[in-house]
Amino acid sequence: MPEQHSTEVTAAGIARLAGVGRAAVSNWRRRHADFPRPVGGTETSPSFALAEVEQWLRDQGKLAEVPRRERVWQLLSAHPAGAVTALVHAGCVLLLVRDRPTAWLELAAASDERLLTMLPGALDNVLTARFGEQRAAVPTPTAAELAPSVPLLRGAAELAAELGTCQAFEFLLGRHLDANPRQYTLTPPGPAELMAALAGADTPGKTVLDPASGTGGLLRAVRQPAALHAQDADPELASLTALRLALHGDADIRAAAADTLRADAFPGLTADVVLCHPPFNERNWGHDELAYDPRWEYGFPARTESELAWVQHALAHLREGGTAVLLMPPAVASRRSGRRVRADLLRRGALRAVIALPAGAAPPYGIPLHLWVLCRPGAGQRPDPELLFVDTAALMPDGSRDKLPWPAVQSAVLDAWRDRTEQSGVSRSVPVIELLDDDVDLAPARHLSVPAAGGSAADLEAVRKSLDGSLRRTMELAPAPVTTAGPAARTLTTVGELSRAGALVLRTGGAGASHSGGPVLTEHDVITGAAPSGTLPAGQAEEPVLTEEGDVVVPVLGGGSVARVVDAATAGAALGRNLQLLRPDAAALDSWFLAGFLRGTANNRQASSYASTATRLDVRRIQLPRLPLAEQRRYGERFRALAEFEDALRLASRLGGQLAQSVYDGLADGTVLPE
């Protein structure tokens, strides 16, 4: 059985263990002859023995104790059978810990050899009790398969004692998904919760199906279900989803691994709710072999209309009056090849709403995806005479695509769905008879009247006055530099030296849990000077880095010279990804002085790495002059004034753009006259 010393860790893993950047690890390798030698990997991406790295970090005083979550993650990511297999093994043991804690305690007290002998039987019992006899999606691992996982399994159980079984699994799964973003198409928590609410899945006791379950994000958004059914073509995803859902609650879980359209795993199921984020634009979905399938009640989908096949699969699994919500690409609403199926869905009252989400709500993030809300008509029930359209593009602030106001989007969509209220430019119910033309175009933007963007004359005049005041304020704040004959001669230090001397603390942003639902300061917020706009997902187990007044926050990617001093309004927000926080000791270092020198162009260039496709800033290499605190504050006041000037410029630019676009729109729609 492999022992712990066989676990390997990359330079990025070492940086995470020690709470430093990768550049620091590279420096350690160059400067310390006793740094552990690589034991694997490649010349450009070597790996090291985890136990040797831990010991070296301790000997150097750079690590008091490896956090348990980091130790478990390193064991999982370096598993010889792959991270997914390790996740499945960990999930099985966490389920045993959750459902039969006494049995696990008896097993954990045994030796590794004894544990391997008894564990498969214990897992078989708990998996059968949770998933039933027919549980091909989660087979019981054998002793030989579990052998390399023993240190991981013990560590995962210890992590569960610290965080809880569900949170421990969510942490490990989240780390794996973050490390492999291109391998998975995820449904973010916001859209998943919205889809569940639209379908009425927030009412307890529902039977819910997701026929393209992926990692189970949609089903995890369902509150207190009676039964959850998941199917995915990828056996590994089906296993992960089953374990994730079982650890999340007490619902009856049934999961299967098979091609849903070709091999439906639940042919007799009639669910209360179907939630689905199907694969988009698939040509090989079974068009030829499924021509006479009874699911095509609303018309045989064209080869290019795989999404309409998923729509009809969802309807086929609904009870009468049940609701399905599918996340769809916008082209499905208007492609001519699908117009006959769309028309029949309308005529028979199956399609109840088409909702356009803003771009950036879910992958692919570059396009505004649609939600289709469908209900299975009951026998003898008259079709609904109207179709609800909702377009959330008007809710985006100033037409921005970078900052997504998700709470406002979710509230507007649910209000429109529940109350069927009409809001100009956002929601409207259109008679079905008006939609049954040659195109049957169901794109919401084509059926919603756009309000006059320019507003009334008084509104335009108010914007113009605001712009005038902002421009005047900008000119008042414009700096009048006093130059010298040449660059001043100064004694310099670096951020890294200041950190080692205790004059400041460096922290790196990322995901966290205890701050779930709270504001997150994102990279975009720092660059644009906006308020914290991000949110942390529920269920994450990492502690977030919370900002404090006086902190200096710097983006580490992109090569731009940006630094932001945290004020009282921003303090308390969690630090987002790709950000580094510098917390100066107020008795030794002025925050604005520090931020100002971080902004220097030459400083940024000499401290940036250009080895990859993205420029990365090594904050520790930024240089500052050694000055008394009183002199620092003189510089700091000037840097603060420059920041106020930049804020005024941004406001003037926004108001000017708003005024120009409003007059463009007013001239175009006739609400503003050329005179």
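Here, every reference points to the structure presented above.
Calculation notes
Residues numbered from 1 in each chain as written. Predicted model: local features only at pLDDT ≥ 70, side-chain atom pairs only at ≥ 80, totals over all residues. Heavy atoms only, no water. Salt bridge = Lys/Arg side-chain N within 4 Å of Asp/Glu carboxyl O. Helix = DSSP H or I, 4+ residues; strand = E, 2+ residues; numbered from the N terminus. Buried < 20%, exposed > 50% of the residue type's maximum accessible area, 1.4 Å probe, protein only. Pairing = 2+ DSSP bridges. Contact = heavy atoms within 4.5 Å. Axes fitted to C-alpha atoms, helices over the stretch in contact; angles between N-to-C directions. Parallel < 35°, antiparallel > 145°, perpendicular 65-115°, else oblique. Left-handed = near helix turned anticlockwise from the far one by under 90°. Nonpolar A, V, L, I, M, F, W, Y, C, P; charged D, E, K, R; others polar. 1 Å grid on protein atoms, 1.4 Å probe; cavity = no way out; pocket = protein on both sides within 12 Å on 5 of 7 lines; lining within 4 Å. Points joined across faces, edges and corners; volume = space filled by probe spheres on them.

Opposite charge on two side chains allows them to pair when their charged atoms are near. The full count for this structure, using the stated rule, is 39 salt bridges. Here Arg 68 makes a salt bridge to Glu 158, at a shortest N to O gap of 3.4 Å. With Arg 68 in helix α4 (residues 68–77) and Glu 158 in helix α9 (residues 150–163), this pair connects stretches of sequence that are 90 residues apart. On the accessibility criterion, Arg 68 (34% relative accessible area) is partly exposed. With a shortest N-O distance of 2.9 Å, Asp 178 and Arg 577 are connected by a salt bridge. Of the two residues, Asp 178 is situated in helix α10 (residues 165–179) and Arg 577 in the loop between β19 (574–575) and β20 (579–584); the sequence distance between them amounts to 399 residues. Judged by its relative accessible area of 44%, Asp 178 falls in the partly exposed class.

A separate point is the pairing of strand β9 (residues 351–356). Judged by how many residues are buried, β9 sits mostly within the fold: six of six residues are covered. Relative to strand β10 (residues 370–375), β9 runs antiparallel, the two sharing five bridges. Across the sheet, residue Leu 351 finds its bridge partner in β10, namely Leu 374. With four bridges joining them, β9 and strand β11 (residues 386–391) adopt parallel strand pairing. Looking across to β11, one finds that Ala 353 is bridged to Leu 388.

On to the sheet that holds strand β18 (residues 564–565). Strand order across the open sheet formed by four strands is β14-β20-β17-β18, with antiparallel pairing between neighbours. Strands at the two margins of the open sheet, each flanked by one partner only, are β14 (504–508) and β18. As judged from the four bridges shared by strand β17 (residues 552–555) and β20, these two strands associate in the antiparallel manner. Bridge pairing in β20 places Val 552 opposite Leu 582. Each of β14, β17, β18 and β20 is contacted by helix α21 (residues 591–598), which is oriented at about 15 degrees to β17, the strand it contacts most.

Okay, the packing of helix α11 (residues 189–198) against helix α16 (residues 406–419) next. Running from N to C, α11 and α16 cross one another at 15 degrees; their axes reach a closest spacing of 11 Å. With respect to α16, the element α11 is oriented roughly parallel. Both α11 and α16 take part in a crossing whose hand is right-handed. Of the residues in α16, those touching α11 at Gly 190, Pro 191, Glu 193, Leu 194, Ala 197 and Leu 198 are Trp 406, Gln 410, Val 413, Leu 414, Trp 417 and Arg 418. Considered class by class, the residues forming the contact of α11 with α16 number eight nonpolar, two polar and two charged.

For the rest of this paragraph, the subject is empty space enclosed by the protein. Inspection of the entire model under this criterion finds one cavity of 30 Å³ or more. In this structure, the largest cavity occupies an estimated 30 Å³ of space. Lining the largest cavity we find Phe 131, Gln 134, Arg 135, Ala 137, Val 138, Ala 242, Arg 254 and Ala 255. Considered class by class, the residues forming the lining of the largest cavity number five nonpolar, one polar and two charged.

Looking now at the sheet that holds strand β1 (residues 8–10). Pairing in this open sheet of three strands is antiparallel, and the strands run β1-β3-β2 from one edge to the other. Edge positions in the sheet fall to β1 and β2 (40–41), since each of these pairs with one other strand and no more. Bridge count between β1 and strand β3 (residues 46–49): three bridges; the pairing is antiparallel. Considered in β3, the bridge of Glu 8 is made with Ala 49.

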